[in-house]
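Overview (structure and organization)
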Amino acid sequence: MRHALLCAVLALLICAPSVRSDDSNLLLSGSTTLIPIVTNAAEAFTTRYRTWNRFDPALPARPIVIETAGGGSGQGVRAVLDGVASAGMVARELREQELERLGSHQAVRVGIDAVAVAARSDNPLRSQRQNLTAAELHRLLSGEVATYRAFDSNLPDREVVLLVRDASAGSAVMIQRQFLGETPVSPRALQMSSQGQLLRSLQGNPHTLAYISAGLVNAHDDISAFAIDGVQPSDDNVVSGAYELARPLLIVHRDTPNPYLAAFMRFLLGPDGQAIVADLGYIPVSAAN
Amino acid sequence: MAQVMAQDVRQLSRMTLDPLMWTASLAALLLGVSTLFLIIIYVLYQASGLIGEISLGAFLFSEAWVPLAEPPRLGIMHAWMSTLYVTAISLLVAVPLGVGIALFTAELAPPAARAVLQPCLEVLAGIPSVVYGFFGFVTLVVWFEAWFDMTTGVSILAAGLIVAITVTPFIASTATEALDAVSAGDREAGLSLGVTRFYTIRRIVLPRAMPGIFAGVVLGFARAIGETLAALMLIGNSVAIPGSVLDRGQTLTGLVATELGEAAVGTPKYHALFAASAVLMVLILLINVGILLAKKRLLRHGF
Amino acid sequence: MASNPQWRLHQPRALLAERLFVAGAWIAGSMGFLLPVAIIGYLLVNGIGVLSWEFISAPPRGYPLGLHGGILPAIQGSLAVTMVALGVAFPLAVASAIYLAEYAEHPRFVAIMQFLAECLAAVPALLFGVLGYGLLVVQFGLGISALAGGLTLAMMMYPVILIGSHAALQSVDRSLRESALAMGVSRAYVIRRALLPRAWPGIIAATVLAGSHAVGSAVPVLFTAAVVQTRSAPSLDSPVMTLPTHLFYLVSEAVSFEHAYGTAFVLLVCLLFANTCALVLRRRLRMRGE
């Protein structure tokens with residue numbers, strides 16, 4: 001019995017690399033911001049068409065399998081470089097180093113995510129102010145003011161609880177560049193490992209202040225966004241470029257995508273896919289063009 | 001005739017099967033154990049890219065972890081300090097508790113209690129790290145918020161306490177073994193002198209079992225610094241240098257697990273994360289050498 | 001207890017210390033019992049309400065994903081990954097243990113190997129995950145797959161099974177193998193017919209424990225095998241969902257604590273089942289030894 005088992009395992013080990021040629025199974029890996037978009041789109045795509053040939057008769061009659069994995073935008077690029085995923089999901093502009101390493105590639109924009117500075121509607125600051133200036137944000141984010149009282153003497157003497165993403169997350173990079181420059185983010189800030197956790201903490205505590213995907217702010221009534229220097233993070237302002245805190249949602253892949261990925265991208269960029277993007281609170285690229 | 005043939009077959013099988021099994025089992029052993037070297041070499045190789053980017057002193061003792069700055073600042077002091085805090089808290093709780101459980105099991109427990117306690121500890125040791133993290137998240141973190149009026153209950157203390165629970169069974173079972181190994185003769189000699197059981201244990205049993213207990217504590221130490229998810233989910237993931245146990249922090253393992261996905265290959269940050277893993281690896285190896293030495297002493301005492 | 005005549009020989013202080021010691025040890029002992037009971041009880045009580053046929057028979061659904069539906073792909077994936085890990089680690093580790101216990105001639109070699117195995121057992125799961133990604137997923141081209149995850153877990157399980165099996169083999173009576181060898185049969189024959197049957201329960205018990213650890217470990221799988229969502233039946237070359245990584249996703253993305261309780265419940269039931277098996281096997285080993 002044991003010998004049989006051993007043989008079976010050895011056989012598996014030898015055969016395994018050779019079975020991996022089936023590229024009709026798509027794996028998209030990377031940013032957790034894009035996971036809901038891609039999973040929902042994949043879900044809709046799979047339930048509607050089931051096999052590839054029903055979407056595009058040129059493709060074989062294989063069942064549609066689309067899988068998503070997290071890990072962050074960096075992991076998305078890495079997965080493409082290492083060849084372990086069909087495409088990477090990246091929720092920021094590609095960095096120079098990454099462009100260099102990727103060589104010839106395509107980065108397809110499937111949506112835009114504005115980053116909003118937000119708080120609960122009963123937050124002491126939010127209930128008095130709808131607008132923050134860049135300079136004020138610098139003071140808040142750098143930890144220069146620790147309490148709401150220190151920020152404005154009319155406000156209660158409670159700690160400003162900053163919620164931030166880990167320094168490498170797409171939104172963190174943008175905030176850093178836009179408001180902080182060389183100044184590090186406040187050391188007292190709570191680092192959240194995901195948007196979901198950040199949202200939950202933001203909803204749970206009236207004294208928190210956070211930057212978060214505008215899509216999530218729109219989807220939840222109990223939190224609201226600040227205008228920055230008088231500009232609301234509305235779709236129009238983001239598309240026109242008036243609201244600068246926005247990042248592209250990219251699907252990155254090697255130069256010529258395999259036909260299956262190309263088919264899925266057509267769906268994602270088509271009206272059905274873009275409706276999913278809009279449903280989740282992000283700005284569809286159709287609006288931007 | 002048949003008998004002769006059977007003998008032949010047996011002889012043949014002795015000639016072929018034995019060397020075959022010898023070779024196969026040796027090959028299996030070498031293959032399996034070589035993974036240790038594989039890990040060490042891989043981690044060191046990936047970490048070596050950091051040489052020239054930053055000095056060892058700056059890497060270990062500079063205060064800032066700002067990998068996206070230009071040039072990146074890659075100090076991991078906050079991480080090893082958090083690891084130190086978490087480990088210290090967990091050992092402060094787990095050592096008395098674990099050794100207490102061991103003393104109870106080895107010296108006092110009625111056989112029935114012993115029979116119940118052992119599987120209980122095994123279950124405790126077997127609960128997955130991610131389940132511990134979740135458990136801490138829905139209990140300790142919530143309680144801390146209520147007790148200490150904290151804005152968020154995630155803290156080094158919460159992580160340390162949960163890690164303490166994860167290492168207690170290891171300390172308890174190793175210490176129980178060490179106490180069991182002390183001969184009954186020594187024990188009775190003590191008791192026959194007319195001293196109390198506590199005195200016997202303190203003066204005779206514990207000193208003899210000490211190397212074994214020490215090995216258990218060190219094993220717990222290794223577990224605690226290697227713990228990833230349970231700590232990651234409870235510690236708050238902050239890159240500031242922790243000032244107190246109610247602060248947020250980020251352990252070495254947490255640093256690597258959080259940031260590796262975001263690090264582009266070949267960047268100093270990527271190498272720095274492997275260097276942090278290398279620090280972890282070196283610690284683990286040193287700890288194991290410590291356990292080996294403790295065991296050697298135990299053997300010498302035993303003879 | 002206080003009627004024990006030895007106690008009267010001593011001053012009240014010694015008596016007090018003795019009492020404190022006994023009380024402390026009983027408290028610690030009861031903590032050792034109460035902690036696992038409380039933790040498991042808490043999770044089971046909260047988890048059982050979530051459990052339904054749908055929860056264990058449907059894939060996760062809803063937005064964010066995992067809010068509704070079930071965890072079937074995670075159960076399948078965990079099974080697949082663990083099977084691969086067991087299939088690789090078990091034969092390798094048992095063969096290694098046989099070499100150490102029966103063939104190795106130099107005690108020093110055995111000691112060194114044992115030391116290395118213990119080091120390996122102490123390596124944090126995270127580093128196995130990192131190695132698994134760098135080596136198996138990328139270098140060997142296995143991709144993010146059940147195979148890569150299973151092999152990574154196999155590396156983790158190997159030292160645990162090795163150490164347990166070695167101990168089980170060593171505990172078999174020496175005289176048995178010597179008398180058998182004296183009869184002129186081959187060592188391989190002795191191992192197969194005399195030693196393994198007696199060491200079997202111990203070996204299986206170690207394997208079951210190592211397996212239950214593998215089922216529960218998230219970090220190594222996170223890097224090498226896990227996806228957030230999948231619809232295909234698990235196969236070796238495709239990525240899988242697993243119970244611990246799904247639990248981690250549900251908690252860290254704050255998707256649904258209810259489903260997190262349910263997932264933890266299923267994981268714990270697996271663990272308790274494995275532990276009961278190991279316990280029964282070990283009992284049997286002890287009975288046979290007597």
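Everything numeric in this text was worked out from a predicted model, so none of it was measured.

1. Things to note about the overall build of chain C
Along its length, chain C carries twelve helices and two strands. Helices (α) and strands (β) of chain C occur, in sequence order from the N terminus, as α-α-α-β-β-α-α-α-α-α-α-α-α-α. Its C-alpha atoms give chain C a radius of gyration of 24 Å, more than 25% over the compact-globule value 19 Å for 290 residues. Counting only C-alpha atoms, chain C reaches 70 × 65 × 35 Å along its principal axes. A buried classification covers 58% of the 290 residues belonging to chain C.

2. Some points on the interface of chain C and chain B
Many descriptions give the size of an interface as the accessible area lost when the pieces come together. Counting residues at the interface gives 74 residues for chain C and 72 residues for chain B. Residue contributions to the side of chain C that touches chain B peak at 18 residues, all from helix α2 (residues 12-48) of chain C. The residue makeup of the side of chain C that touches chain B, split by class, is 57 nonpolar, 14 polar and three charged.

3. Overview of the interface of chain C and chain A
Each partner contributes to the interface: chain C provides 28 residues, whereas chain A provides 31 residues. Of all the elements in the fold, those that place two or more residues in the side of chain C that touches chain A are α4 (72-103) and α6 (125-139) of chain C. It is α4(C) that contributes the most residues to the side of chain C that touches chain A, three residues altogether. Of the residues assigned to the side of chain C that touches chain A, the class counts are 17 nonpolar, eight polar and three charged.

4. Quick look at the nonpolar core
With 300 residues, the main nonpolar core has Ala118(A), Leu234(B), Ala276(B), Ala89(C), Met157(C), Ile161(C) and Leu247(C) as its most contacted residues. With 19 residues, α4(C) is the largest single contributor of residues to this core. The two domains that each donate at least three residues to this core are domain 1 (24-112 + 248-288) and domain 2 (114-246) of chain A. Ignoring anything within four residues of it in the chain, the contact list for Ala89(C) reads Ala154(C), Met157(C), Tyr158(C) and Ile161(C).

5. Notes on the packing of helix α6 (residues 140-147) of chain B against helix α7 (residues 156-181) of chain B
Residue and element names in this part refer to chain B. The N-to-C vectors of α6 and α7 enclose an angle of 140°; their axes lie 10 Å apart at closest approach. In terms of axis orientation, α6 runs oblique to α7. Handedness of the α6/α7 crossing: right-handed. Contacts between α6 and α7 involve Leu140, Val141 and Phe144 from the first element and Ala158, Leu161 and Ile162 from the second. In terms of residue class, the contact of α6 with α7 is built from six nonpolar, no polar and no charged.

6. Thoughts on the packing of helix α5 (residues 129-138) of chain B against α7(B)
Think of two packed helices as two axes; the pair is described by the angle between the axes and how far apart they sit. Residues and elements named next belong to chain B. One can describe the packing of α5 onto α7 by two numbers: an axis separation of 10 Å at closest approach and a directional angle of 135°. Put simply, α5 runs oblique to α7. When you trace α5 past α7, the crossing you get is right-handed. Of α7, the residues touching α5 (which contributes Ser129, Tyr132 and Gly136) are Ala158, Ile162, Ile165 and Thr166. Classifying every residue of the contact of α5 with α7 gives four nonpolar, three polar and no charged.

7. Points about helix α9 (residues 187-216) of chain C
Helix length check: α9(C), at 30 residues, gives a terminal C-alpha distance of 38 Å against a target of 44 Å (1.5 Å per residue), a shortfall beyond 12%. Bending of α9(C) peaks at approximately 55° at the position of Leu196(C), with proline Pro197(C) no more than four residues after it.

8. Some points on the environment of Ser277(B)
With respect to the secondary-structure elements, Ser277(B) resides in helix α12 (residues 268-302). Spatially, the C-alpha atoms of Ser277(B) and Thr267(B) are 16 Å apart, while their sequence positions differ by ten residues. Excluding anything up to four places from it in sequence, Ser277(B) contacts Val43(B), Val256(B), Leu127(C) and Val130(C).

9. Thoughts on the pairing of strand β8 (residues 208-213) of chain A
Residue and element names in this part refer to chain A. Counted residue by residue, β8 has six buried out of six residues, so it is predominantly covered. Examined bridge by bridge, strand β4 (residues 105-120) and β8 share four bridges and lie antiparallel to one another. Looking at β8, one finds that Val115 is bridged to Ser213.

10. Describing the environment of Arg126(A)
Residues and elements named next belong to chain A. Along the chain, the position of Arg126 falls in the loop between β4 and β5 (131-132). You can call Arg126 buried: it has 20 C-beta atoms within 10 Å. Each C-alpha atom, one on Arg126 and one on Ala225, is 8.4 Å from the other, the two residues being 99 residues apart in sequence. Discounting residues that sit within four places of it in the chain, Arg126 has contacts with Ala119, Arg120, Ser121 and Ser224.

11. Some remarks on unusual backbone geometry
Residue and element names in this part refer to chain A. The residue Arg50 is not glycine, and still its phi comes out positive at about 65°. If you trace the backbone, Arg50 turns up in the loop between α2 (35-49) and α3 (52-55). With 13 C-beta atoms packed within 10 Å, Arg50 lands in the partly exposed category. In this model, Asp229 sits at a positive phi of 50°, which is unusual for a non-glycine residue. Take Asp229: it is sitting in the loop between β10 (227-228) and α11 (235-240). Owing to 14 C-beta atoms within 10 Å, Asp229 belongs among the partly exposed residues under this scheme.

12. Points about the pairing of strand β1 (residues 25-30) of chain A
Note on strand geometry: in a regular strand, side chains alternate between the two faces of the sheet. Residues and elements named next belong to chain A. In terms of residue burial, β1 counts as a mostly covered element, since six of its six residues are buried. With burial as the criterion, each face of β1 is covered, one bearing Asn25, Leu27 and Ser29 and the other bearing Leu26, Leu28 and Gly30. Across five bridges, the pairing between β1 and strand β2 (residues 65-69) is parallel. Bridge pairing links Leu28 to Thr68 in β2. Here β1 pairs with strand β3 (residues 87-90) via three bridges, running parallel. Bridge assignment links Ser29 to a residue of β3, and that residue is Gly88.

13. Some remarks on the confidence of the model for chain C
Residue and element names in this part refer to chain C. Confidence along chain C averages 85 in pLDDT terms, with 95% of residues attaining 70 or more. Note that residues 1-9 has pLDDT below 50 and, in this model, five contacts with residues that lie over four places away or in other chains. Here the predicted complex carries an ipTM of 0.88, next to a pTM of 0.86.

The rules we used
Residues numbered from 1 in each chain as written. Chains lettered and ligands numbered in written order. Predicted model: local features only at pLDDT ≥ 70, side-chain atom pairs only at ≥ 80, totals over all residues. Helix = DSSP H or I, 4+ residues; strand = E, 2+ residues; numbered from the N terminus. Rg over C-alpha atoms; globule rule 2.2 N^0.38 Å. Buried ≥ 20, exposed ≤ 12 C-beta atoms within 10 Å, placed from the backbone. Contact = placed C-beta atoms within 7 Å. Nonpolar A, V, L, I, M, F, W, Y, C, P; charged D, E, K, R; others polar. Core = buried A, V, L, I, M, F, W, Y, C linked by C-beta atoms within 7 Å. Domains from an automatic or database assignment. Axes fitted to C-alpha atoms, helices over the stretch in contact; angles between N-to-C directions. Parallel < 35°, antiparallel > 145°, perpendicular 65-115°, else oblique. Left-handed = near helix turned anticlockwise from the far one by under 90°. Expected span 1.5 Å × (residues − 1). Bend = angle between axes of the 7 residues up to and from the residue. Pairing = 2+ DSSP bridges. pLDDT = per-residue confidence, 0-100.

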